[in-house]
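Survey of secondary and tertiary structure
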Amino acid sequence: MGKSRYLLQILLFSGMLSVVAPPLCAYAYGSWKDGNFSWGESKRLSSLPDEERCQPTSVTIVGVSSLNEFATVCIYDRPDFRYAIYNKYINLGYGGYTNRYFVVSLGSDHNMYVVDGINTSQLPLDVPSSNDLHFNTLTMGFTNNHFLSYIPDFIRKLHRLTSLDQPARYELTEGAEQPFIPYSQEHRVITGAVGVSDDGDWIVAEVMGAGLIRINTATRYIQGFSNYVHRYGVGSDAHMAFRITSDGTKVAAFDYNITPAVYTLESGCLVGTDTYSEAFAFALHSQSCPSDEMRLYNALNQRYTPQLARGMSASGFNLDGDTLYFDNYVYEDENDWMNPTVYRTPLYAGGYRADDGLDYLALGDSYASGEGDIETKSDGSTYYSGGTEKKGQCHVSNRSYPFLLRDDKDISPTRMHSVACSGAEVLPDYVSVAETYLGQGKRLASLSPSDRKTVKDGALGSFAPGNLPQLEFVKKYRPKVITLMGGGNDVGFARILQYCATPSWEGIFVNNTCGYAVEGSPLRTMLAQSIQSQYQYTLLLLRKIKQASPGTTVYVIGYPSFISGDSGANCFNSAALDGEERTMINEGVAFMNSALEAAATSMGVHYIDIQDVLEGGRLCEGSEYVTGLSDLGLEKIANKDTGEVFHPNAKAHDKIARRIVAQGFQVEPGRNSETLSEPIEPPPPSYFAGAEQKQAVQHTVTTDSVVEGSTMPIIMQEGSLATGSSAILTIYSDAIDLGSVSVNSAGGIEDTLALPSSLKPGRHVLTIDGLSPSGEPVEYFQFVTVASRTPSDEDGDGIADADDQCPFFISWIDETSQQDICVSPAPGETTTAPSDDRTGGASPQPNTRGGQDAPISSRKNTSQAVATLRNERTSNSNGDATESAREVLGVHRDSPLALHESSRNNGFIVGIIVLLSTLTVGYGIVRRTRRRS
């Protein structure tokens with residue numbers, strides 16, 4: 001986010017290098033036209049194949065009647081909406097009937113809403129990459145005659161029906177459903193069976209009386225590949241089933257009454273057209289792509305009995321198209337016909353090398369990639385792998401816990417890889433659509449479509465992280481085991497830490513605990529709501545992993561606590577984080593872990609708890625296991641390359657790996673259990689009490705950095721909010737109301753706001769409170785840096801950037817040397833923090849800085865002044881020195897600081913500390929102070 005053009009060019013160049021480099025684990029693509037087919041080992045599935053495509057979820061249904069209804073439905077995901085069929089049984093006492101409702105949830109909706117005007121006799125075709133809805137609807141005539149139609153840009157064809165100004169249901173615009181196959185003849189095209197590729201890019205269809213065609217779902221371009229026509233109405237009718245690969249080059253056709261076949265679609269055998277016509281049908285009669293020449297039929301007869309072989313249909317291809325998977329339903333309990341056991345068996349094409357798979361694949365964010373392993377080797381190089389080592393790159397360390405697990409389990413380096421990437425978010429970087437993905441942080445945005453595809457294809461072979469959604473590697477390699485760590489960036493943990501640790505300087509001495517740590521504050525509530533929202537996204541990710549590779553064993557890894565919450569902790573190496581903020585961090589991590597555990601349990605995968613694994617070496621405990629600012633070095637700090645702060649180091653990853661092994665990590669496929677019929681959603685803990693259910697989503701709505709007093713663009717994509725509504729903008733820390741903006745007719749925002757003069761340089765949180773497309777409350781948030789008007793002093797502290805050793809950070813004490821790394825000592829001097837008197841419980845902590853209107857002293861003088869005043873609190877220091885220190889800080893007898901000191905002497909310390917705590921002992925650091933909401 002907000003990277004310079006130069007940095008982006010570096011990232012893109014590194015991505016291009018991954019294309020040139022030879023693949024680390026190249027696949028041998030088998031052939032369905034020749035060679036001997038071979039069967040692989042059968043694996044028991046943990047859930048029924050039909051359940052892999054959707055998630056049974058308990059939701060509120062709006063629009064069936066005047067009252068909301070609660071039901072469990074199986075939800076299918078699309079990029080911008082979700083849908084389901086709600087079956088409501090009407091009991092008449094002597095019998096009953098079932099009403100079927102098509103229900104949708106748009107954008108950030110929590111509930112699902114009835115849609116009028118859609119045929120509910122069957123589900124839409126599962127085209128997961130598209131916002132169009134496709135139907136193959138039964139028509140009059142033969143029992144297998146269908147009509148292939150679609151509703152382009154489905155959510156734009158809906159309008160709300162309201163009752164008493166409340167959203168009740170949606171209605172489909174008249175004429176929204178159109179023929180999907182463009183045609184020029186008098187009568188529309190009649191289809192039989194259809195099939196859809198896993199990624200939704202291709203539909204294969206049987207055209208009655210003509211042959212078999214494939215259609216690109218984005219362009220609707222038609223290509224015929226077989227002149228096979230079944231004679232319906234003569235003997236037993238066929239009811240065909242198709243499977244097509246994600247690249248559209250392989251099609252498998254099955255039915256009890258035909259010989260199964262695999263077609264290989266090549267340019268020389270395809271008949272193409274933009275519009276279906278009689279001429280196209282005639283040309284198709286004399287054309288057909290090569291098939292397997294009975295190899296599939298023979299292989300099925302070798303594996304199964306002749307009767308069973310005739311009814312077998314593959315569940316799908318693998319990503320490379322050289323493996324077909326067949327499911328065999330076994331009723332192990334003859335009295336239980338509702339719960340069969342399903343065994344999935346791979347059939348490999350001719351020439352396939354069955355040993356090319358992965359044993360272990362690591363997915364994740366910075367806590368899995370190894371960001372924070374900042375030590376260097378003897379030659380000065382880092383432990384980050386090539387192409388991931390620079391600022392803004394993925395920072396994959398070969399000493400991170402995935403590689404330690406590899407070594408512990410004696411996995412060959414060619415059979416284990418990590419595609420974890422620092423900064424990865426679940427929705428954009430794990431599960432988004434590969435074809436439209438622009439790389440993490442949009443690092444591929446400036447490339448041409450052809451160059452972008454080249455980079456992505458190379459990344460898939462070389463395991464270059466950040467160039468493809470992480471799920472794509474699961475689809476291709478179907479590893480035995482996956483470890484998954486994610487969600488922290490979606491919630492914004494890293495940005496929250498940065499926000500709380502780098503307060504802006506507004507020149508007032510008041511309580512400046514950041515709003516996330518203040519009970520009842522909007523920011524604390526928003527944090528709880530974003531964690532609740534992330535629970536649903538984790539379910540989505542796990543469902544897609546199980547769908548892509550049902551036999552893979554999945555381990556969800558929680559997050560470790562990296563900072564002590566002990567009120568008496570020696571917190572020199574935690575920047576400006578006070579005790580309440582450290583409590584907030586740990587409470588947030590604990591709530592996030594409970595959400596991850598609940599999602600893992602709901603989806604029948606393993607959860608591994610590592611929350612306490614770093615205790616004894618966290619920040620404020622000596623920092624043995626966690627990277628602090630003082631570990632980075634001044635060069636990185638001056639260049640604002642501080643992303644590695646608050647991350648586990650190599651010692652920490654060793655402890656994490658040991659904990660994962662101790663909790664049962666095994667490199668064995670098929671160890672998942674069944675998905676629960678109803679997911680378990682954890683309620684907010686008492687720390688976040690009062691946070692009502694509401695979608696809170698981190699979303700880019702403006703630029704990452706703006707200059708104080710300038711204008712700020714506000715951009716929300718179409719379909720994000722209710723059309724015709726307005727949204728309220730607020731920016732924190734001072735909860736400044738920026739007014740409201742209007743939502744356009746497409747449900748988006750395009751506006752510009754002038755920043756108020758009261759908004760000072762520093763880290764801030766921008767929120768947009770509005771209504772979802774269905775009228776539900778929703779909040780989007782983004783972290784924004786406001787820079788000073790002075791170009792040479794970005795953080796506005798009066799110290800030129802060239803001389804500022806810690807931009808935006810005020811002070812940071814090394815826990816070992818107790819020196820403030822942000823202070824330049826005079827020759828022969830040090831900035832060692834004075835010792836603390838820690839008897840009698842928690843020590844107070846210094847957090848003062850001279851006012852903006854006061855003379856600006858150097859950090860060195862300020863640090864010494866604070867030390868003097870702090871010593872006065874713990875001993876009888878020289879009165880003249882104390883007064884001199886007050887002058888350096890701009891503290892006067894009638895200031896809040898003076899009131900604080902006076903109140904302490906007069907016995908009113910408790911109330912004043914809560915409201916105006918400004919000078920206390922404990923950090924040994926200096927903070928800018930400000931009021932935060």
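A short tour of the structure in this document, coming up. Chains are numbered independently. Their residues run from 1 in the order of the written sequence. Confidence filtering applies because this is a predicted model: local features only for residues at pLDDT of at least 70, side-chain atom pairs given and counted only at 80 or more, and all residues used for totals across whole chains, interfaces and linings. Processing note: side-chain calculations cover all non-hydrogen atoms of the structure and skip hydrogens and water entirely.

1. Some details on the overall build of the chain
Helical segments are the DSSP runs of H or I of at least four residues, strand segments are the runs of E of at least two, and each set is numbered from the N terminus. Of the regular secondary structure elements, the chain holds 21 helices and 36 strands. Burial classification: accessible surface area is computed with a 1.4 Å probe over protein chains only, and a residue below 20% of its type maximum counts as buried, one above 50% as exposed, and the rest as partly exposed. Taken across its 933 residues, the chain has 56% of its residues classed as buried. Put simply, of all contacts in the chain between residues at least 6 apart along the chain, 69% involve residues at least 24 apart. Per-residue accessibility takes into account occlusion by the displayed protein chains alone, with areas from the Shrake-Rupley method and a 1.4 Å probe. When the accessible surface of the chain is split by element, carbon and sulfur atoms take 50% of a total near 37600 Å². Pairs of residues are marked as contacts when any of their non-hydrogen atoms sit within 4.5 Å.

2. Quick notes on a nonpolar patch on the surface
Excluding any residue in a salt bridge, patches collect residues exceeding 30% relative accessible area, merging like charges within 9 Å and nonpolar Val, Leu, Ile, Met, Phe, Trp and Tyr side chains within 5 Å. A pairing counts as a salt bridge when a side-chain nitrogen of Lys or Arg comes within 4 Å of a carboxyl oxygen of Asp or Glu. Taken together, the side chains of Leu92, Tyr94 and Tyr97 define a hydrophobic patch exposed on the protein surface, amounting to about 380 Å² of accessible area. Here Leu92 lies in the loop between strand E5 (81-91) and strand E6 (96-106).

3. Examining helix H17 (residues 650-662)
The terminal C-alpha atoms of H17, which comprises 13 residues, lie 18 Å apart, in line with the 18 Å expected from a rise of 1.5 Å per residue. Taken as a whole, H17 has its buried residues at Ala650, Ala652, His653, Ile656, Ala657 and Ile660. In an axial view of H17, the angular spread of the buried residues amounts to 150 degrees, which keeps them on one side of the axis. Exposed and facing more than 90 degrees away from the buried side of H17 are Arg658 and Ala662. Expected helix span is given by 1.5 Å per residue-to-residue step, counting one fewer step than there are residues. This arc corresponds to the set of directions leading from the helix axis out to the C-beta atoms.

4. Points about the sheet that holds strand E26 (residues 481-484)
Two strands make a pair as long as DSSP finds a minimum of two bridges between them. Ordered in space as E25-E24-E26-E27-E28, the five strands form an open sheet in which the pairing is parallel. Every other strand in the sheet has two partners, leaving strand E25 (416-418) and strand E28 (606-608) as the edge strands with one partner each. Across the sheet, the mean angle separating the axes of adjacent strands is 20 degrees when strand polarity is ignored. Bridge count between strand E24 (residues 360-363) and E25: three bridges; the pairing is parallel. Orientation is described by axes fitted as lines to C-alpha atoms, over the contacting stretch for helices, and by angles from 0 to 180 degrees between their N-to-C directions.

5. Overview of the packing of aromatic side chains
The relation between two aromatic rings is expressed through the spacing of the ring centres and the mutual angle of the planes. Two rings from Phe, Tyr or Trp (for Trp, the six-membered ring) form a pair when their centres are within 6.5 Å of each other. A pair whose planes differ by under 30 degrees is stacked, one over 60 is edge-to-face, and the rest are tilted. Scanning the entire structure with this criterion turns up 27 aromatic pairs. Geometrically, the ring pair formed by Phe781 and Phe783 is edge-to-face, given 6.1 Å between the ring centres and 90 degrees between the ring planes. Of the two residues, Phe781 and Phe783, both sit in the buried class. Aromatic ring contacts, followed pair by pair, group Tyr76, Phe81, Tyr83, Phe102 and Phe154 into a single cluster. Remark: a charge is flagged as sitting over a ring if the NZ atom of Lys or the CZ atom of Arg is within 6 Å of the ring centre and within 35 degrees of the ring normal. Seen from the ring of Trp202, Arg214 lies directly overhead, with NZ or CZ sitting 4.5 Å from the centre. Positioned over the ring face of Tyr477 is Lys476, at 5.4 Å from the centre of the ring.

6. Here's the deal with the pairing of strand E16 (residues 222-226)
With five of five residues buried, E16 lies mostly within the body of the structure. Here strand E15 (residues 211-216) runs beside E16; their pairing, made up of four bridges, is antiparallel. Looking at the pairing, Leu212 lines up with Ser226 of E16. The hairpin turn running from E15 into E16, its antiparallel successor, is five residues long, and Arg220 in that turn takes a positive phi close to 65 degrees. Here E16 pairs with strand E20 (residues 271-273) via three bridges, running antiparallel.

7. Considering the sheet that holds strand E19 (residues 261-264)
Read across the sheet, three strands follow the order E17-E18-E19 without closing on themselves; strand pairing throughout is antiparallel. In this open sheet, the two edge strands, each paired with only one partner strand, are strand E17 (241-244) and E19. With strand direction ignored, the average angle separating the axes of adjacent strands in the sheet is 20 degrees. Relative to strand E18 (residues 250-254), E17 is paired through four bridges, and the arrangement is antiparallel. If you follow Arg243 over to E18, its bridge partner there is Ala252.

8. Some details on the state of the cysteines
By definition, disulfides here are pairs of cysteine sulfur atoms that lie within 2.5 Å. Enumeration over the complete set of coordinates arrives at three disulfides. With a sulfur-sulfur separation of 2.0 Å, Cys394 is cross-linked through a disulfide to Cys421. Between Cys394 and Cys421, the S-S dihedral sits near -80 degrees, and the bridge is therefore left-handed. In this pair, Cys394 is assigned in the loop between helix H6 (366-369) and helix H7 (401-408) and Cys421 in the loop between E25 and helix H8 (426-429), connecting sequence segments 27 residues apart.

9. Quick notes on the pairing of strand E27 (residues 553-557)
Most of E27 is tucked away, with five of its five residues classed as buried. Two elements, E26 and E27, share four bridges in a ladder whose sense is parallel. By the bridge assignment for E27, Val481 is matched with Thr553. Relative to E28, E27 runs parallel, the two sharing three bridges.

10. Overview of unusual backbone geometry
Even without a glycine there, the phi angle at Met294 is positive, about 75 degrees. Mapping Met294 onto the fold places it in the loop between helix H3 (278-285) and helix H4 (295-303). Under the relative-accessibility criterion, Met294 is labelled partly exposed at 40%. Even without a glycine there, the phi angle at Asp410 is positive, about 55 degrees. Inspection of the secondary structure puts Asp410 in the loop between H7 and E25.

11. Observations regarding the packing of H7 against H17
It is at 8 Å that the axes of H7 and H17 come closest, and there the two elements cross at 50 degrees. By the criterion of interaxial angle, the relationship of H7 to H17 is oblique. As H7 packs across H17, the resulting crossing turns out to be right-handed. Of the residues in H17, those in contact with Tyr401, Leu404, Leu405 and Asp408 of H7 are His653, Asp654, Ile656, Ala657, Ile660 and Val661. Its residues assigned to classes, the contact of H7 with H17 comprises seven nonpolar, one polar and two charged. Orientation labels follow simple angle bins: below 35 degrees gives roughly parallel, above 145 gives roughly antiparallel, 65 to 115 gives roughly perpendicular, and whatever is left gives oblique. A crossing counts as left-handed when the near helix is turned anticlockwise from the far one by less than a right angle, and as right-handed when that turn is clockwise. All amino acids are sorted into three groups, where Ala, Val, Leu, Ile, Met, Phe, Trp, Tyr, Cys and Pro are nonpolar, Asp, Glu, Lys and Arg are charged, and the leftover types, Gly among them, are polar.

12. Quick look at the pattern of salt bridges
Using the criterion set out here, one finds 26 salt bridges in the structure. A salt bridge links Lys475 to Glu472; its shortest N-O distance comes to 3.1 Å. Of this pair, Lys475 and Glu472 are both found in helix H10 (residues 471-477), three residues apart, which corresponds to roughly one turn of the helix. Each member of the salt-bridge network shares a partner with another, and the members are Asp153, Arg156 and Glu718.

13. Details of the environment of Ala299
With respect to the helices and strands, Ala299 occurs in helix H4. Judged by relative accessible area, which is 6%, Ala299 ranks as buried. For the pair Ala299 and Ala309, spaced 10 residues apart in sequence, the C-alpha separation works out to 9.0 Å.

14. A look at H4
When we look at burial in H4, the residues that qualify are Leu296, Ala299 and Leu300. Here the buried residues of H4 occupy an arc of 100 degrees about the axis, which is enough to place them on one side. If you follow the buried residues of H4, they end up packed against strand E1 (38-39), E18, E19, helix H5 (306-310), strand E22 (323-330) and strand E23 (341-348).

15. Details of the environment of Tyr555
Structurally, Tyr555 can be placed in strand E27. Along the sequence, Tyr555 and Gln666 sit 111 residues apart, while their C-alpha atoms lie 9.6 Å from each other. The residues touching Tyr555, leaving out its near neighbours within four places in the chain, are Val481, Ile482, Thr483, Leu484, His606, Ile608, Gly664, Phe665, Gln666 and Arg671. Identification of polar contacts relies on pairs of N or O atoms within 3.5 Å, with a donor-acceptor requirement for protein atoms, meaning one able to donate a hydrogen and the other able to accept it, and with residues adjacent in sequence counted only if both atoms are side-chain atoms. In this structure the side chain of Tyr555 is engaged in a polar contact, spanning 3.4 Å, whose partner is the backbone oxygen of Gly664.

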